[in-house]
Each structure stands twice: as C-alpha cells, then as structure tokens.
2 protein chains.
Amino acid sequence: MTFSIQKMAQQAKKASIQVAQLDTATKNKILLTIADNLRADEKKILAANAVDIENAQANDLPAAMIDRLLLDHDRIEGIAQAVEYIASLADPVGLVTKTDRLPNNLIVSKKRIPLGVIAMIYESRPNVTIDAAALCFKAGNTVVLRGGKEALHSNLALAESLQIALKQFDIDPAAVSLVPDPDREIMNELLTLNEEIDLLIPRGGENLIRYVSQNSRIPVIQHFKGVCHLYVDKMADEVKALDILVNGKVQRPSACNSLETLLVHKDRAESFLPAAAAKLNEMGVKVHACEQSLKYFENADLATDLDYDAEYLALEIAVRVVDDYDQAVEHIQRFSSDHTEVIITQDISLANKFVQQINSAVVMVNASSRFSDGGELGLGAEIGISTSKLHAYGPMGLESLTTEKFVVMGDGQVRS
Amino acid sequence: MTFSIQKMAQQAKKASIQVAQLDTATKNKILLTIADNLRADEKKILAANAVDIENAQANDLPAAMIDRLLLDHDRIEGIAQAVEYIASLADPVGLVTKTDRLPNNLIVSKKRIPLGVIAMIYESRPNVTIDAAALCFKAGNTVVLRGGKEALHSNLALAESLQIALKQFDIDPAAVSLVPDPDREIMNELLTLNEEIDLLIPRGGENLIRYVSQNSRIPVIQHFKGVCHLYVDKMADEVKALDILVNGKVQRPSACNSLETLLVHKDRAESFLPAAAAKLNEMGVKVHACEQSLKYFENADLATDLDYDAEYLALEIAVRVVDDYDQAVEHIQRFSSDHTEVIITQDISLANKFVQQINSAVVMVNASSRFSDGGELGLGAEIGISTSKLHAYGPMGLESLTTEKFVVMGDGQVRS
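Residues numbered from 1 in each chain as written. Chains lettered and ligands numbered in written order. Predicted model: local features only at pLDDT ≥ 70, side-chain atom pairs only at ≥ 80, totals over all residues.

Peer 1: Explain the overall build of chain A to me, please; I cannot follow it from the model alone.
Peer 2: Helix and strand content of chain A: 14 helices and 16 strands. Here chain A has a C-alpha radius of gyration of 24 Å; the compact-globule value for 416 residues is 22 Å, and the two agree. In terms of overall dimensions, chain A has a C-alpha envelope of 70 × 70 × 35 Å along the principal axes. Relative to its full complement of 416 residues, chain A shows a buried share of 54%. Across chain A, contacts joining residues at least 24 apart in sequence account for 71% of those joining residues at least 6 apart. (Helix = DSSP H or I, 4+ residues; strand = E, 2+ residues; numbered from the N terminus. Rg over C-alpha atoms; globule rule 2.2 N^0.38 Å. Buried ≥ 20, exposed ≤ 12 C-beta atoms within 10 Å, placed from the backbone. Contact = placed C-beta atoms within 7 Å.)

And the structure:
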C-alpha cells in the first residue's frame with residue numbers, strides 16, 4: 001500500500017476532535033508518560049540515530065549539520081525534560097477571555113479553543129519532532145510532522161516512542177503523525193491540504209520558509225529573517241549600549257534575534273565607536289561601516305545597502321552613523337525585517353516615541369535583542385516566531401496555537 | 001500612463017506609516033469630516049451612480065442586483081451615519097493588553113497596533129467602499145479597495161469625496177485607494193502583492209471567496225458559507241425552539257447566519273415537528289426532510305447529504321430527526337461550515353457540553369443564529385466574518401484589524 005499524505009492528514013483531523021476535548025490533567029499525565037517513554041526507549045532511539053549519522057557521514061554532510069543531527073544520552077534527557085516542562089505550563093485551552101452581558105440579556109463570551117491540525121515542516125534537528133508534538137498536544141491540537149530526510153530514522157524512532165504513550169491512554173496515535181517519506185512531492189501535496197490542516201509552521205532557513213509560503217494553500221506562520229537593529233541615541237548610557245551591543249552580536253550569532261546593524265547618533269560617534277570598535281575587534285566581529293564610521297574600525301569595509309539588508313547570522317555587523325533620531329527610525333523602517341529593534345537611551349520621552357513609532361514584532365528599550373524569544377519573554381516555550389502580522393506577531397507560545405470562539409447564552413432571544 | 005496596482009499598493013504601504021501614528025481624536029475628527037463631505041457631495045455621487053444604473057439596465061442585470069447598486073438620498077445619509085457610528089466606537093490601537101515584570105526586571109507588554117495595509121475585494125454594493133474604508137482607517141490601517149465593475153462610477157465618486165476629507169487633514173490620500181480599473185488581470189496581480197498588503201478580505205459570494213483564497217499570496221480571511229444548525233434537544237422549551245427556528249430561517253434568509261438545518265431529538269419529533277411544519281408552511285419555507293420526519297411536512301422531499309451540505313440562502317431548510325444528542329453532534333461535526341450552531345435545551349449540563357464540544361466560530365444556547373453578527377454580538381461594526389481559525393474566528397470587528405507587538409522595557413539587561 002502506498003503512503004497517502006492526504007489520508008494521514010484526514011486521520012489527524014479526525015483525531016483532533018478527540019484531543020481538543022482532553023482536560024488539562026489528562027494532557028499533562030500523557031506528556032509525563034511521553035517523557036518517561038523517551039528515556040526508556042533511549043537504546044532504540046540511539047540505534048536509529050546511528051543510522052542517520054552513518055548516512056550523513058557517507059554523504060559527506062558538513063560537521064555542523066552532523067552535530068545538529070546527533071543524539072546522545074544527554075540530548076535525549078534534554079528532550080524528555082523539555083516535554084516535562086511543557087507539561088508544567090499553563091493550558092490556554094478553555095480560558096474565557098471576555099464576557100459581556102448585552103442589553104437584550106444575551107451573555108457573550110470568548111473562549112479559547114485549539115486550532116485543530118497543525119503541520120510542521122522542519123530541517124535536521126530531531127528534537128523538534130518531540131518539542132513541536134508536545135507543544136501542539138498541550139494546546140489541544142494534533143500535528144503532522146515533516147522533518148528533514150537526514151533525520152528520518154531518528155524522527156521515526158522518536159515518534160514511535162511518543163505514539164506508544166498516546167496508545168496507553170487510548171489516544172488515537174494519528175494525533176502525532178510523522179510523514180515517513182521525505183519525498184519532495186509528498187511535501188508539495190501536504191501544502192495543498194487546506195481542508196484538513198489549519199496552520200502550517202515551517203522552521204528552518206529562509207529558502208525553506210519562502211518555498212513553503214509561496215506554495216502553501218494552508219495559512220503559514222512566516223518568519224523569513226531577523227535583521228535586528230540597535231540604535232544608540234544621543235542620550236544613551238554608553239556602558240549599557242556596549243554591553244547590549246556585544247551581547248546582541250556575540251552571544252549566539254546564529255540566532256535570528258542577534259543584532260545585524262548598529263546605528264549610532266552622530267554626537268555619540270566619537271565617544272562610543274572607538275570603544276565599540278575595540279570590543280568588536282576583540283570578539284572577532286567583522287564590520288561593514290558607513291563612510292562616517294569607517295575610520296573607527298580596523299579592517300572594516302564600506303557598508304552598502306546589501307549590508308543593511310543582510311542577516312549575517314555570523315560574527316559580522318553593519319555600522320552606520322545617523323544624523324538624528326528621525327534618520328535612525330527611517331533606516332529601521334526601510335531595512336527592518338519586522339523582528340526586533342532596540343533603542344539605547346536615557347531619554348524617557350524618546351524611548352516612548354520609539355516604542356510608539358516602531359511597529360516591529362518586538363520593540364525594546366535598553367535591553368538586549370537576545371531576549372526576543374518565547375522563553376525569555378515569559379511565554380514558557382516557543383513554537384516559532386512570526387514576522388507577519390496575521391494571527392501572531394513575534395515569538396509564539398502555546399496561546400498562538402489556539403483561537404477563540406464566541407459562546408452565546410440566551411433564554412429564547414430572537415432578532416427583531 | 002498606465003495604471004499600476006503594485007504602485008498603488010506601495011503608496012498605500014507608505015501612507016500606512018502615517019496613518020498608524022494618528023491619535024484617536026484626529027481619526028475621529030477625520031471620520032466626521034468624511035461623513036459631512038459625503039452629504040455635501042450627494043449630487044456628484046448620485047450622478048455617478050446614475051451612470052452605473054444606466055449601464056446595469058442596458059446590460060439587463062437582474063433587478064435585485066440593480067437594487068443593491070442603487071444610491072439615493074436616504075442611502076447616502078445611511079452611509080454617512082455609518083461613518084459617524086464608526087467614529088463613536090472605541091479605538092483598539094494603542095491598547096496595552098498585558099504587562100508582566102519578569103524575574104530579571106524586564107517589563108514585557110503587549111500593545112495593539114494596526115495591521116498595516118488591508119485589501120478588500122467586494123462585489124456590487126457601493127456602501128462597502130465607505131464602510132470598509134472607515135473601519136480600516138479607524139483601526140489605523142490604509143486600504144486598497146477593489147469593488148465590482150458594475151459599481152465603478154459610484155465607487156470612484158465615493159472614494160473621491162472621502163479623499164478630499166483626508167487631504168483637508170494632510171493625510172496622504174493613498175490611505176484609501178480605489179482600484180480604478182475593474183480588469184480581472186489587475187485583481188490577479190493584486191493577489192500577489194504580499195510584500196505590500198498584510199491582509200485580504202474578500203466580501204461576496206462563495207465563488208469569489210474561493211477564487212481569491214486559492215490564488216492569493218496574501219493572507220485571506222475566509223468565509224465560504226454558513227450552514228448553521230439548530231438542534232432541538234429532548235429537554236427543549238418548544239416555544240423558544242419554534243421562535244428561534246422561525247427567526248433563524250425566515251427573518252433574513254439571504255444572510256449567512258440564517259438557519260439551514262434543523263435537527264430534532266426523536267423524543268421531541270411528535271410534539272415539535274407538527275408545530276414546526278405548520279409554521280414553516282405558513283411562512284412558505286420549502287422543506288427537505290429525512291425519512292423519519294417526512295410524514296410531518298406537506299410537499300417536503302427526501303433530504304440527501306447534498307441538502308445537509310447546502311447553504312440555501314433562501315426559504316428552504318433541511319430537517320433531520322436524530323436518535324440522541326451524540327448523533328446531533330456527529331451530524332454537526334460532519335456538515336458544519338464552522339459558522340454558527342445553536343442548541344435549544346433547558347438542561348444546563350447538556351448546554352455546557354454542547355458549548356464545550358462544538359468548536360464552530362459561534363456556539364449558542366437558546367438564542368437565534370441571527371445574532372451571529374459583529375453588531376449584534378457587541379463588536380460595534382463588522383468588517384467581515386471568518387470561518388477559518390487563523391487570526392480571527394467568527395464576526396470580526398475593529399480589533400480584528402489590528403495585531404499586537406511586544407514592548408520590552410529594560411535598564412541594560414543582557415542575556416546570560
């Protein structure tokens with residue numbers, strides 16, 4: 001029998017009716033069992049992972065990619081603990097977010113419900129399989145998982161372990177469905193299943209996300225790139241500015257919330273840029289500087305619009321001196337990826353103006369862009385980040401995996 | 001110079017930065033001026049409308065369509081009053097919906113902001129031009145309007161009147177842009193402008209909405225049809241049930257929130273169906289009845305799955321007797337369009353169960369489905385209705401034309 005992605009999605013939709021009705025205590029009990037099973041199945045999972053690693057080596061995949069693929073005792077323990085953490089989070093489902101009594105005595109409430117069926121398309125990290133499944137399940141959804149072909153054996157072993165836990169509680173294992181065939185045509189068919197799937201979340205590089213967005217008939221959570229700006233204002237505290245610059249660029253350059261462009265008020269260039277240059281040089285950061293700032297940096301090249309548009313995801317940064325606050329805002333509005341922008345200033349009025357004027361998903365005053373993350377912003381865990389404004393904007397937690405229905409309680413009212 | 005829809009959308013995007021920053025008082029003053037201008041421009045608008053009516057008559061358009069097209073003094077007054085009403089509604093923009101202080105003393109808030117640029121694609125009613133423009137503007141958005149070709153002259157005159165009010169306040173008139181060319185290819189190009197347009201709202205028949213959804217690269221608010229169910233439970237109050245049945249089916253059968261299917265518990269069939277049959281017959285409602293209920297109706301035909309799936313939008317209804325509550329829920333889950341479902345019962349536990357189990361956009365107990373409307377549910381005014389769960393679900397008011405950004409206030413915090 002050949003594999004049918006549509007049939008898998010239909011079964012996930014059928015299972016979503018059951019999963020949506022589970023109460024919080026039951027969902028948590030199942031999640032804890034999933035964590036236990038993963039630990040108990042370590043040998044099986046590592047054996048499957050060894051096949052993926054062997055194939056990856058045979059195919060000469062880059063070392064960084066092989067490292068992302070690799071599972072070991074500690075990583076499986078980490079995955080299990082993440083599931084336990086998700087069990088500990090508050091359940092958004094069932095929350096009544098609003099209640100009004102209307103003049104005709106209808107009582108109108110809004111109540112959180114699961115979205116239904118979520119599809120995840122992701123690349124090589126096998127931990128996403130369990131992480132995404134646990135988050136979707138906690139929010140009462142079922143999920144169709146389509147991971148990278150490099151991790152297929154690992155993903156199958158992880159999903160099987162998880163499904164055994166579901167079956168122990170008489171949950172339809174289709175609640176967490178893993179696409180067993182990494183064929184591209186099957187993924188393309190998945191993108192057309194808007195009758196079965198409510199939301200599609202791609203996780204991976206910009207190319208994957210663009211491909212999925214352009215070809216999907218299912219609504220997609222989009223996040224192409226993070227070109228995060230740091231604006232050091234005339235009234236900046238330079239100590240904070242330097243800490244936040246270094247933290248934003250160096251702490252984890254491969255993250256989408258790391259800094260890509262530094263804007264400095266012209267009155268601050270002379271005092272701030274030499275200090276910044278020394279620190280960036282010490283940290284091995286390559287600089288692309290505007291004409292006015294070029295002189296402060298050793299080995300910097302002249303920045304072009306391509307630099308201002310770039311998401312380096314590496315130890316590289318664009319630097320530009322601006323005439324004033326307005327020019328900084330113009331620069332950000334032109335080059336922003338709608339992800340995260342930071343102002344460093346002690347001027348409270350200007351800080352408020354920045355917060356009012358900049359409509360990126362996350363706007364920060366005197367704090368590192370690296371906090372632009374679901375976990376760091378208090379959402380508990382993050383399923384993804386959206387830089388398009390529909391449905392969710394910014395880091396997405398469990399609540400983003402739900403919607404609200406209207407509940408109307410009457411006593412025989414009709415419309416006149 | 002040929003018309004460029006992309007250029008129009010780019011200008012709307014540019015204008016959206018200005019409009020997003022307007023405060024509530026200014027927006028309201030502009031809206032009141034728009035209303036005044038419409039009244040003052042009545043002659044011009046009626047002259048333009050006369051051209052559309054003449055063309056419609058020359059093209060033998062159906063009388064109902066010509067009536068939808070027609071403007072007169074009272075209708076223009078109605079349009080102006082609707083704008084004044086929108087001015088009186090609460091402004092969602094700028095609302096802080098949540099604030100938390102995190103352990104590291106970051107203060108994280110969520111703040112409502114406009115979506116940006118909204119495109120509306122609609123059919124023949126010219127009042128939608130002003131109504132949609134006023135709603136989008138009140139929520140701080142700019143809008144690209146693409147109305148039906150039959151109403152083009154009326155729409156151009158209405159938009160011109162509105163744009164004069166914008167200019168009086170130095171607002172870029174691109175804030176409300178009307179596509180002056182009804183060519184289908186231009187609409188198709190509009191559907192690809194996802195860099196410029198944040199949300200697309202089609203308003204019209206199922207064919208228009210399906211076409212737009214299938215071809216759009218911009219996120220679309222979808223509402224294909226409303227197959228609303230009324231379930232009369234074993235414990236129903238039959239007086240309420242009959243009132244709500246008649247109101248739901250007869251008061252305005254062409255509305256998407258009118259009833260299309262009546263489900264009756266088998267223990268209630270004998271007492272309720274003869275009364276329902278008499279009333280429906282009196283009101284001229286054609287009935288498609290299941291085998292068990294056929295005998296109660298004169299001139300009914302046997303219902304098929306096609307009837308249970310139909311949105312009649314007319315004085316027609318499908319009727320089915322169900323064995324029990326569970327069978328009613330199964331029927332609804334199978335045939336629901338996720339719009340509105342109603343239970344009539346005096347059993348509070350069963351009412352709660354229904355509210356819990358049914359995840360349509362609007363779930364009602366002992367009230368008419370005709371209340372499933374933005375105005376009736378207290379949203380003020382309605383820009384549309386969504387039966388897909390992303391972003392908005394159910395009737396959409398001003399709040400649905402906004403999103404939320406994160407605002408993070410720090411004092412030099414960096415991530416460790």
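Now that the structure is up, let's keep going.
Peer 1: Before we go on, may I ask you to explain helix α5 (residues 73–88) of chain A in this structure?
Peer 2: Residues and elements named next belong to chain A. Between the first and last C-alpha of α5 there are 23 Å, a value that for 16 residues agrees with the 22 Å anticipated at 1.5 Å per step. Listed in full, the buried residues belonging to α5 are Ile 76, Ile 79, Ala 80, Val 83, Ile 86 and Ala 87. The buried residues of α5 occupy an angular sector of 115° when projected down its axis, which confines them to one face. In α5, the exposed positions that point more than 90 degrees away from the buried face belong to Asp 74, Gly 78 and Ser 88. The secondary structure elements touched by the buried residues of α5 are α2 (24–40), α3 (42–58) and α6 (127–138). (Expected span 1.5 Å × (residues − 1). Arc of directions from axis to C-beta.)

Peer 1: So what exactly am I meant to see when it comes to the interface of chain B and chain A here?
Peer 2: Much of the literature gives interface size as the accessible area that the parts lose upon coming together. Contacts between chain B and chain A engage 57 residues on the former and 57 residues on the latter. Elements supplying a minimum of two residues to the side of chain B that touches chain A: α1 (5–20), β2 (107–114), α10 (238–250), α14 (348–357), β13 (362–367) and β16 (402–413) of chain B. Among the elements that take part in the side of chain B that touches chain A, β16 of chain B stands out by supplying 11 residues, more than any other. In the side of chain B that touches chain A, the residues fall into 26 nonpolar, 18 polar and 13 charged. (Nonpolar A, V, L, I, M, F, W, Y, C, P; charged D, E, K, R; others polar.)

Peer 1: It is not clear to me how the environment of Met 235 of chain B should be interpreted in this structure. Could you clarify?
Peer 2: Residue and element names in this part refer to chain B. Mapped onto the secondary structure, Met 235 falls in the loop between β7 (228–232) and α10. With 18 C-beta atoms packed within 10 Å, Met 235 lands in the partly exposed category. In this structure the C-alpha to C-alpha distance between Met 235 and His 331, which are 96 residues apart in sequence, comes to 19 Å. The residues contacting Met 235, other than those within four sequence positions of it, are Thr 345, Gln 346, Asp 347 and Leu 350.

Peer 1: So what exactly am I meant to see when it comes to the domain arrangement of chain A here?
Peer 2: Domain parsing of chain A yields domain 1 (5–222 + 395–407) and domain 2 (228–376). Each of domain 1 of chain A and domain 2 of chain A was reduced to a C-alpha centroid, and the two centroids are 35 Å apart. (Domains from an automatic or database assignment.)

Peer 1: Before we go on, may I ask you to explain the relation of the copies chain B and chain A in this structure?
Peer 2: At an RMSD of 0.0 Å, chain B and chain A line up after a rotation of 180° and a shift of 0.0 Å along the axis. What the superposition gives is, in effect, a two-fold axis relating one chain to the other. Every residue of chain B has its C-alpha some distance from the rotation axis, and the shortest such distance is that of His 391 of chain B, at 1.8 Å. Of all interface residues in chain B, 100% are interface residues in chain A too; the two copies therefore contact each other through one and the same surface. (Least-squares fit on C-alpha atoms with pLDDT ≥ 70 in both.)

Peer 1: Even after reading the chapter, I still don't get the pairing of strand β4 (residues 142–146) of chain A, so can you show me in this structure?
Peer 2: If a strand is regular, its side chains alternate between the two faces of the sheet. Residue and element names in this part refer to chain A. Burial of β4 is extensive: 5 of the 5 residues sit out of reach of the surface. Where burial is concerned, the two faces of β4 agree: the one with Thr 142, Val 144 and Arg 146 and the one with Val 143 and Leu 145 are both buried. In the sheet, strand β3 (residues 117–122) pairs with β4 via 5 bridges, with the strands oriented parallel. Bridge pairing in β4 links Ala 119 to Val 144. (Pairing = 2+ DSSP bridges.)

Peer 1: Is there a simple way to think about the sheet that holds strand β7 (residues 228–232) of chain A in this case?
Peer 2: Across a sheet, strands are paired by hydrogen bonds formed along the backbone, either parallel or antiparallel in direction. On the basis of which strands lie adjacent, the open sheet formed by 10 strands has the order β10(A)-β9(A)-β11(A)-β8(A)-β7(A)-β12(A)-β13(A)-β16(B)-β2(B)-β1(B) and mixed pairing. Strands at the two margins of the open sheet, each flanked by one partner only, are β10 (301–302) of chain A together with β1 (96–101) of chain B. Packing of helix α11 (residues 266–282) of chain A onto the sheet brings it into contact with β7, β8 (259–265), β9 (286–289) and β11 (316–322) of chain A, and relative to β8 of chain A it is tilted by some 145°. (Axes fitted to C-alpha atoms, helices over the stretch in contact; angles between N-to-C directions.)

Peer 1: Would you explain the environment of Val 144 of chain A in this entry?
Peer 2: Residue and element names in this part refer to chain A. Positionally, Val 144 belongs in strand β4. Note: C-alpha distance between Val 144 and Asn 359 (215 residues apart in sequence) is 33 Å. Contacts of Val 144, omitting those with residues within four sequence positions, involve Met 8, Ala 9, Ala 12, Val 117, Ala 119, Ser 177, Val 179 and Ile 197.

Peer 1: Where do I start with the confidence of the model for chain A in this structure?
Peer 2: One rule of thumb: low pLDDT means the predicted coordinates there are not for detailed reading. When pLDDT is averaged across chain A, the result is 96; 100% of the residues are at 70 or more. Across the whole predicted complex the pTM is 0.93, and at the interface the ipTM reaches 0.94. (pLDDT = per-residue confidence, 0-100.)

Peer 1: Teacher, can you tell me more about the packing of α2 of chain A against α6 of chain A here?
Peer 2: For any two helices packed against each other, the geometry comes down to the angle between their axes and how far apart the axes lie. Residues and elements named next belong to chain A. Interaxial distance between α2 and α6 falls to 10 Å at its minimum, and their mutual angle equals 165°. When the interaxial angle is binned, α2 and α6 end up roughly antiparallel. Handedness of the α2/α6 crossing: right-handed. Contact residues: α2 offers Lys 27, Leu 31, Ile 34 and Leu 38, while α6 offers Ile 130, Ala 134, Phe 137 and Lys 138. (Parallel < 35°, antiparallel > 145°, perpendicular 65-115°, else oblique. Left-handed = near helix turned anticlockwise from the far one by under 90°.)

Peer 1: What should I look at first to understand the sheet that holds strand β6 (residues 199–203) of chain B in this one?
Peer 2: Residue and element names in this part refer to chain B. Read across the sheet, 4 strands follow the order β5-β4-β3-β6 without closing on themselves; strand pairing throughout is parallel. Either end of the sheet is taken by a strand with one partner, and the two such strands are β5 (176–178) and β6. Strand-to-strand twist across the sheet, computed as the mean angle between neighbouring axes with direction ignored, equals 20°. α1 contacts β3 (117–122), β4 (142–146) and β5 of the sheet and is inclined by roughly 150° relative to β4.

Peer 1: I'm lost on unusual backbone geometry in this one. Help?
Peer 2: Residue and element names in this part refer to chain B. Phi is positive for Asp 60, which is not a glycine, with a value near 55°. Topologically, Asp 60 is positioned in the loop between α3 (42–58) and α4 (63–69). Looking at Asp 60, the number of C-beta atoms within 10 Å reads 7, which means it is exposed. With a phi close to 70°, His 391 is a non-glycine residue in the positive phi region. Tracing the chain through its elements places His 391 in the loop between β14 (384–386) and β15 (394–396). In this structure His 391 comes out as buried when scored by C-beta crowding, with 20 C-beta atoms within 10 Å.

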